[in-house]
Protein chains: 4
Amino acid sequence: MDGTRQRRRGDTRQRIQDVALELFAEQGYEKTSLREIAERLEVTKAALYYHFKTKEEILVSIFEDLSRPIEDLIEWGRLQPHTLETKQEIVRRYSEALAGAAPLFRFMQENQATVRELRIGGMFKDRMLVLRDILVAPDADLVDQVRSISALFTLHAGMFVLQDLEGDPEDKRRAVLEVATDLITRAHRGAGES
Amino acid sequence: MDGTRQRRRGDTRQRIQDVALELFAEQGYEKTSLREIAERLEVTKAALYYHFKTKEEILVSIFEDLSRPIEDLIEWGRLQPHTLETKQEIVRRYSEALAGAAPLFRFMQENQATVRELRIGGMFKDRMLVLRDILVAPDADLVDQVRSISALFTLHAGMFVLQDLEGDPEDKRRAVLEVATDLITRAHRGAGES
Amino acid sequence: MDGTRQRRRGDTRQRIQDVALELFAEQGYEKTSLREIAERLEVTKAALYYHFKTKEEILVSIFEDLSRPIEDLIEWGRLQPHTLETKQEIVRRYSEALAGAAPLFRFMQENQATVRELRIGGMFKDRMLVLRDILVAPDADLVDQVRSISALFTLHAGMFVLQDLEGDPEDKRRAVLEVATDLITRAHRGAGES
Amino acid sequence: MDGTRQRRRGDTRQRIQDVALELFAEQGYEKTSLREIAERLEVTKAALYYHFKTKEEILVSIFEDLSRPIEDLIEWGRLQPHTLETKQEIVRRYSEALAGAAPLFRFMQENQATVRELRIGGMFKDRMLVLRDILVAPDADLVDQVRSISALFTLHAGMFVLQDLEGDPEDKRRAVLEVATDLITRAHRGAGES
DNA sequence: TATGAATGAGTCTTCATTCAT
DNA sequence: CATGAATGAAGACTCATTCAT
């Protein structure tokens, strides 16, 4: 009834994830301490351990919750014929999915060294490999393979580095998407040949 | 004459930089402790402090030493007319420069969150902005701007992510270069319009 | 019932302060390490950090707790008319207050260089200045000003240096008090003139 | 010929003492590192070790050099009859001697805890005891003993604490001297009796 | 008369984690 | 559903000192 503390009963787990992601994305995983997270939430460190077994677990849970749409997308993509239209559709939906969980992917992008050693490192890498295999035929020209991978990077990095640029975020996202789609399309057609 | 300890007199500073870069690139900056670096070199931690004032200073000195060619390239590029040929030349030479200091740039790529808080974060960002301004006219179509930036990412990320792919590294580098050059060329011509 | 470890639950903070003050007074602030304090208490260094944020904070907390009576005295003195009787009363009560927190003031006396750089240095100095302004009119004869200040020193130093002298401590304190009172009285009357 | 570096040949030892005393007095003994001293002199730490065996030795040598006049004074005083005139003379000359080596005695005053553990601690204390025995008869009234000791403190502390007070330093020294002389005189006459 | 290079012991401090209550 | 109190391991860094040159 007073709104702040009482009403939150039960959503502490969620609040931990929110604050943790915010800090992880801002400062990096290693530089964010549990003390800091706890302080922001005005609970004790021990409370975090009631909800999560380890620091890494907090991150894993965030990753699992927030990257579900991407997992679904990849699952879907796997079952489609690998036509150009499918690829374009995947890129389009991938772009949306990234935008929907921007802080998480900013974090993944900026903490690769850390993430690599963590459980989510493996999970993420596996997904990327599946995605790559959908987007590019393994027997394709090397240049076209690079083009496909480049499309993926463009999507990933695009959102964060473009923050510096002025302009409407949604405009920028669409520009990024266009470039990625273009790359995928050229890769599909074998532009490397021309 | 016994080669290990005696001969090394005087090159300790260099050896520190080498080992540090190796470990920083492998495990990340924060996860690499000075103890670890010292142990690998079979010296004490205090010896590191004889040669460098802080942990960060070690990194800064590596960055300064290894990224000199890139600084020179950017300096050169600034003075050229911003023609398509210049841009292509810059991309070509940038690709070479990155390959020449691969571990450093792998480190920069994979530790962005950390690097951002460090002195080299600012230095690096400034350089990238200059490079961007050379490669893309500020009044260009948004899509073409993205294309230019995408070219840069492709070069940066290309080298590391492509390690997974089988094939000759030099072949891969050339493939990456081709894609980047293609992106830059299309950006220059205003492909976004067509 | 076993008295040592169990019964102490909850008074760790106090025990830290006690041991710390003892060691600070004995060996000085810089020469007393947190390791030493922790060892005496049979806890880990980290336990100290649960109760206090820094080494300095331990000292500050001791100072605040133990010098409260003096703060109160000064506060009281400020509101009194600056008559001879007031001054004598202040000196008397000050002497008692010092005796009540002897180890702290011994520490302050013997670690002036250190204390000056610490937070309590400023606090203490401010108090002394207020006290001085109560005890001596700012327009007084220079010699009388010195007399007042000398009274203060006599009280401060008296207790520690006189430890060497044989005799009952309470007798010595009263002797010191008499000399200080004498100085204050002569300063008040303008003995410097005669 | 160029005056700074060349001419200094041979007086490095002296320069070390000067800089060391300055820093010791300013920051305290423990907080002053040999690195700091060396840097100010633009020599290496190792150079300090050419001239002095240890850090403590630097301090000892300073003490011995600068407190010679006081040692002489005490030696002289010992041989005089302990008349009032002698005592007054000693106080007068002691005041001068202190003023002549002010930084050293400021240091002694502000680093008592440190000094106590050092070699000079014992030396200094011994001298003080001799001085005390000259100034006050061991069978004197307790209050008069305090008065004598208070005179000494007044001289010691006077110079440093009075720095805050406005006014000509020489004036202040004379005021301090007057108070000290007064105390000694009253102690001699047995003012405690009256 | 110094220096360059290094060491060993120690400093304060932070961290993720635990567990009885 | 959480806290208070604590730990063990480790972190970056500083210091006085040494010694071959």
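Residues numbered from 1 in each chain as written. Chains lettered and ligands numbered in written order. Predicted model: local features only at pLDDT ≥ 70, side-chain atom pairs only at ≥ 80, totals over all residues. Heavy atoms only, no water.

- Going by what an unreviewed UniProt entry lists, chain A is known as TetR/AcrR family transcriptional regulator and is assigned to Streptomyces griseicoloratus.

## Considerations on the interface of chain C and chain D
Piece 1. In this complex, chain C contributes 40 residues to the contact, which on the side of chain D involves 40 residues.
Piece 2. Here chain C packs against chain D, burying approximately 3400 Å² in sum over the two surfaces, 60% of which is carbon and sulfur.
Piece 3. For the salt bridge of C:Asp182 with D:Arg147, the shortest nitrogen-to-oxygen distance reads 2.6 Å.
Piece 4. Run the count over chain C and chain D and you get 16 residue pairs in polar contact (both at pLDDT 80 or more). (Contact = heavy atoms within 4.5 Å. Buried area = accessible area lost by both parts, 1.4 Å probe. Salt bridge = Lys/Arg side-chain N within 4 Å of Asp/Glu carboxyl O. Polar contact = N/O pair within 3.5 Å; in protein donor to acceptor, adjacent residues only side chain to side chain.)

## Things to note about unusual backbone geometry
Piece 1. In the Ramachandran plot, C:Glu42 falls in the positive-phi region, its phi being about 55° despite a non-glycine side chain.
Piece 2. Within the secondary structure layout, C:Glu42 lies in the loop between helix 3 (34-41) and helix 4 (45-51). (Helix = DSSP H or I, 4+ residues; strand = E, 2+ residues; numbered from the N terminus.)

## Observations concerning the protein's contact with DNA strand F
Piece 1. The environment of DNA strand F is made up of 34 residues, and the closest members are A:Thr44, B:Tyr49, C:Tyr50, C:His51 and D:Lys55.
Piece 2. Of everything in DNA strand F that lies within 4 Å of the protein, sugar and phosphate atoms constitute 65%.
Piece 3. A distance of 3.2 Å separates a phosphate oxygen of DNA strand F from a polar atom in the side chain of B:Ser33.
Piece 4. Between C:Tyr50 and DNA strand F, the recorded distance is 3.2 Å, taken from a side-chain N or O atom to a phosphate oxygen.
Piece 5. Only helix 3 (45-51) of chain A, helix 2 (34-41) and helix 3 (45-51) of chain B, helix 4 of chain C together with helix 2 (34-41) and helix 3 (45-51) of chain D provide two or more residues apiece to the surface near DNA strand F.
Piece 6. Here the surface near DNA strand F is built from residues that sort into 14 nonpolar, 12 polar and 8 charged. (Near = heavy atom within 4 Å. Nonpolar A, V, L, I, M, F, W, Y, C, P; charged D, E, K, R; others polar.)

## Describing the relation of the copies chain C and chain D
Piece 1. When chain C is fitted to chain D, the residual RMSD is 0.1 Å, and the transformation amounts to a turn of 180° plus an axial shift of 0.0 Å. Between the two chains, the operation in question is that of a two-fold axis. For chain C, the residue whose C-alpha comes nearest the rotation axis is C:Asn111, separated from it by 2.8 Å.
Piece 2. The share of interface residues of chain C whose copies in chain D are also at the interface is 100%, consistent with both copies meeting through the same surface. (Least-squares fit on C-alpha atoms with pLDDT ≥ 70 in both.)

## What about helix 5 (residues 68-79) of chain D?
Residues and elements named next belong to chain D.
Piece 1. Helix length check: helix 5, at 12 residues, gives a terminal C-alpha distance of 17 Å against a target of 16 Å (1.5 Å per residue), a fit within 8%.
Piece 2. The set of residues buried in helix 5 consists of Ile70, Leu73, Ile74 and Gly77. Buried residues along helix 5 cover an arc of 95° about the axis, so they all sit on one side.
Piece 3. Turning to helix 5, the residues buried within the fold contact helix 6 (84-100), helix 7 (102-110) and helix 9 (119-135). (Expected span 1.5 Å × (residues − 1). Buried < 20%, exposed > 50% of the residue type's maximum accessible area, 1.4 Å probe, protein only. Arc of directions from axis to C-beta.)

## Focus: helix 6 (residues 84-100) of chain B
It helps to recall that an α-helix has 3.6 residues per turn; residues three or four apart then point in one direction.
Piece 1. Given a rise of 1.5 Å per residue, 17 residues ought to cover 24 Å, and the 24 Å separating the end C-alpha atoms of helix 6 of chain B matches this to within 8%.
Piece 2. Three or more residues of helix 6 of chain B are buried, namely B:Leu84, B:Thr86, B:Lys87, B:Ile90, B:Val91, B:Tyr94, B:Ser95, B:Ala97 and B:Leu98.

## Things to note about the domain arrangement of chain A
All names here are of chain A.
Piece 1. Its domain assignment divides chain A into domain 1 (2-61) and domain 2 (67-190).
Piece 2. Spacing between the C-alpha centres of domain 1 and domain 2 amounts to 29 Å.
Piece 3. Contact residues are listed per partner, giving 10 residues for domain 1 and 11 residues for domain 2.
Piece 4. With both sides pooled, the region where domain 1 packs onto domain 2 buries about 950 Å², and carbon together with sulfur makes up 68% of that total.
Piece 5. Contact with domain 2 buries surface across domain 1, with Ala25, Leu59 and Val60 losing the most and accounting together for 44% of the total.
Piece 6. For the interface between domain 1 and domain 2, the tally reads 1 salt bridge.
Piece 7. Here Arg119 makes a salt bridge to Glu57, at a shortest N to O gap of 3.8 Å.
Piece 8. Linking domain 1 to domain 2 there are 3 residue pairs in polar contact (both at pLDDT 80 or more). (Domains from an automatic or database assignment.)

## Considerations on the interface of chain B and chain A
Piece 1. Listed as interface residues are 40 residues of chain B and, on the opposing side, 40 residues of chain A.
Piece 2. Between chain B and chain A the total buried area reaches about 3400 Å² when both faces are included, carbon and sulfur atoms providing 60% of it.
Piece 3. Put simply, A:Arg186 and B:Asp182 hold a salt bridge, and the shortest N to O gap is 2.7 Å.
Piece 4. Applying the counting rule to chain B against chain A returns 16 residue pairs in polar contact (both at pLDDT 80 or more).
Piece 5. Contributions of two or more residues to the side of chain B that touches chain A are made by helix 1 (12-27), helix 7 (102-110), helix 8 (112-117), helix 9 (119-135), helix 10 (142-161) and helix 11 (169-189) of chain B.
Piece 6. Top element by residues in the side of chain B that touches chain A is helix 10 of chain B. It accounts for 12 residues.

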